[in-house]
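# Analysis of the macromolecular model
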Amino acid sequence: MRLASEYNCVAPRIKGFIPLSMLDWPGQICSVIFLGGCNFRCPACHNHKLVVNPDSLPDFSMSEILSYLDGRKGWIDGVTITGGEPTVNPGLEALLEQIVNPLGLRTKIDTNGSNPALIKRLIDQNLISAVSMDIKAPLDFESYSRVCGVLSDIDKILHSIDIIKASGIDFFFRTTVVPGLVAERELAEIKNTIGHDTPYMIQPFRNIDTLDPHLKGFPEYEMERFESMKARYGTGLFS
Ligand code: SF4
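Conventions we followed
Residues numbered from 1 in each chain as written. Predicted model: local features only at pLDDT ≥ 70, side-chain atom pairs only at ≥ 80, totals over all residues. Heavy atoms only, no water. Near = heavy atom within 4 Å. Nonpolar A, V, L, I, M, F, W, Y, C, P; charged D, E, K, R; others polar. Buried < 20%, exposed > 50% of the residue type's maximum accessible area, 1.4 Å probe, protein only. Helix = DSSP H or I, 4+ residues; strand = E, 2+ residues; numbered from the N terminus. Pairing = 2+ DSSP bridges. Right-handed = clockwise from strand over helix to strand, strands pointing away. Salt bridge = Lys/Arg side-chain N within 4 Å of Asp/Glu carboxyl O. Phe/Tyr/Trp six-rings, centres within 6.5 Å; stacked < 30°, edge-to-face > 60°. Axes fitted to C-alpha atoms, helices over the stretch in contact; angles between N-to-C directions. Contact = heavy atoms within 4.5 Å. Parallel < 35°, antiparallel > 145°, perpendicular 65-115°, else oblique. Left-handed = near helix turned anticlockwise from the far one by under 90°.

## Focus on the site of the ligand
Around the ligand lies a shell formed by C38, F40, C42, C45, V51, G84, N112 and K136. Grouping the amino acids of the shell around the ligand by side-chain chemistry returns five nonpolar, two polar and one charged.

## Digging into the pairing of strand 5 (residues 130–134)
The buried fraction of strand 5 amounts to five of the five residues, a majority that puts the element mostly inside the structure. Both faces of strand 5 are covered, namely the face carrying A130, S132 and D134 and the face carrying V131 and M133. Here strand 4 (residues 106–111) pairs with strand 5 via four bridges, running parallel. By the bridge assignment, D110 is partnered in strand 5 with S132. On the question of chirality, the crossover connecting strand 4 to the parallel strand 5 by way of helix 4 (residues 116–124) is right-handed. Sheet topology places strand 5 next to strand 6 (residues 170–177); five bridges connect them, and they run parallel. Across the sheet, the residue bridging to V131 is F171, located in strand 6.

## A few points about the pattern of salt bridges
One pass over the structure, following the stated rule, counts 16 salt bridges. Linking K108 and D110 is a salt bridge whose minimum nitrogen-to-oxygen distance equals 2.6 Å. On the basis of relative accessibility, which here comes to 1%, the residue K108 falls in the buried class. One salt bridge connects R206 with E220, and the closest N-O pair in it is separated by 3.1 Å. Here R206, found in the loop between strand 7 (200–204) and helix 8 (223–233), pairs with E220, found in the loop between strand 7 and helix 8; they are 14 residues apart in sequence, far enough to count as distant. Of the residues examined, R206 reaches a relative accessible area of 34% and is grouped as partly exposed. One connected set of salt bridges, linked through shared partners, spans R13, K15, D55 and D59.

## Describing the packing of aromatic side chains
Two aromatic rings, taken as a pair, are described by how far apart their centres are and by the angle between their planes. Evaluated as defined, the whole model comprises two aromatic pairs. With centroids separated by 5.5 Å and ring planes inclined at 80°, the aromatic side chains of F17 and Y68 adopt a geometry described as edge-to-face. Residue F17 is found in strand 1 (residues 14–21), and its partner Y68 is found in helix 2 (residues 62–71); the two are separated by 51 residues along the sequence. Seen from their ring centres, F171 and F173 are 5.5 Å apart, and the 55° between their planes marks the pair as tilted. Residue F173 is classed as buried on the basis of its relative accessible area, which comes to 0%.

## What about the sheet that holds strand 5?
The strand order across the open sheet formed by seven strands is 1-2-3-4-5-6-7, and the pairing between neighbours is mixed. Strands at the two margins of the open sheet, each flanked by one partner only, are strand 1 and strand 7. Across this sheet, the average inter-strand angle for adjacent strands is 20°, counted without regard to direction. Here helix 2 sits on the sheet in contact with strand 1, strand 2 (30–35) and strand 3 (78–82), set at roughly 10° to strand 1.

## Examining the packing of helix 2 against helix 3 (residues 92–100)
Taken N-terminus to C-terminus, the directions of helix 2 and helix 3 make an angle of 25°; their axes are 10 Å apart at the nearest point. It follows that helix 2 is roughly parallel to helix 3 by the angle criterion. Seen from above, helix 2 lies across helix 3 with right-handed handedness. Seen from helix 2, the contacting residues are M62, L66 and L69; seen from helix 3, they are A94, L95, Q98 and I99. Of the residues in the contact of helix 2 with helix 3, the class split is six nonpolar, one polar and no charged.

## Focus: the packing of helix 4 against helix 6 (residues 154–165)
It is at 9 Å that the axes of helix 4 and helix 6 come closest, and there the two elements cross at 15°. Taken together, the axes of helix 4 and helix 6 are roughly parallel relative to one another. The crossing of helix 4 and helix 6 is right-handed. Only K156, H159, S160, I163 and I164 of helix 6 make contact with helix 4, whose side of the interface consists of P116, I119, K120 and I123. When grouped by side-chain class, the residues that make up the contact of helix 4 with helix 6 number five nonpolar, two polar and two charged.

As structure tokens, then:
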């Protein structure tokens, strides 16, 4: 298993764009920009082309996307930047500056929490209005490394959680419940760490097109079982 830093990205690349989404920012209509590259290798990841081989995907033009956003400002509430992992992309700050300052749009990032220094800088510079952070597993080295597929730096993950909770911007944390990798009792451990009133959601594992081929077709939780976990452990969205 490698260190997360060995997977850092070298070039800013936009690898996907959804003009309108009602699913990626709860309660908001947003556009979604996908950046290539990620420093984790979660076995259950569904965006593995974007993670493992972003160069195989075509680049989207940043100026064309900015021009589209400029023309749709009145129709969307904001822009979600996702990935991959946006914070490994050296073009993230420049992209956010172009969206926030000239266009005046709100932004949200989806992150795995591995880069607390950058998350803090984006918050301090008012470049993001909201953040959703994955918490992959209980906050110990062994569990986290198992679920994110690299040797984890738990201190960085914990630091990101603290920064986000103290930020004053909208946020929520989320965990994908992967059978065989994340046990139901571990959701209770995660909640004990982040705090029981902290906005938290769980999402179901889907066994299609996973990074680790061994998880393809792996049994998913039945909907009834998942809904009962959601009622028990989810707290609701946004601070
Ligand atoms: S699930 Fe997220 S953090 Fe994990 S490999 Fe995929 S993009 Fe990276």
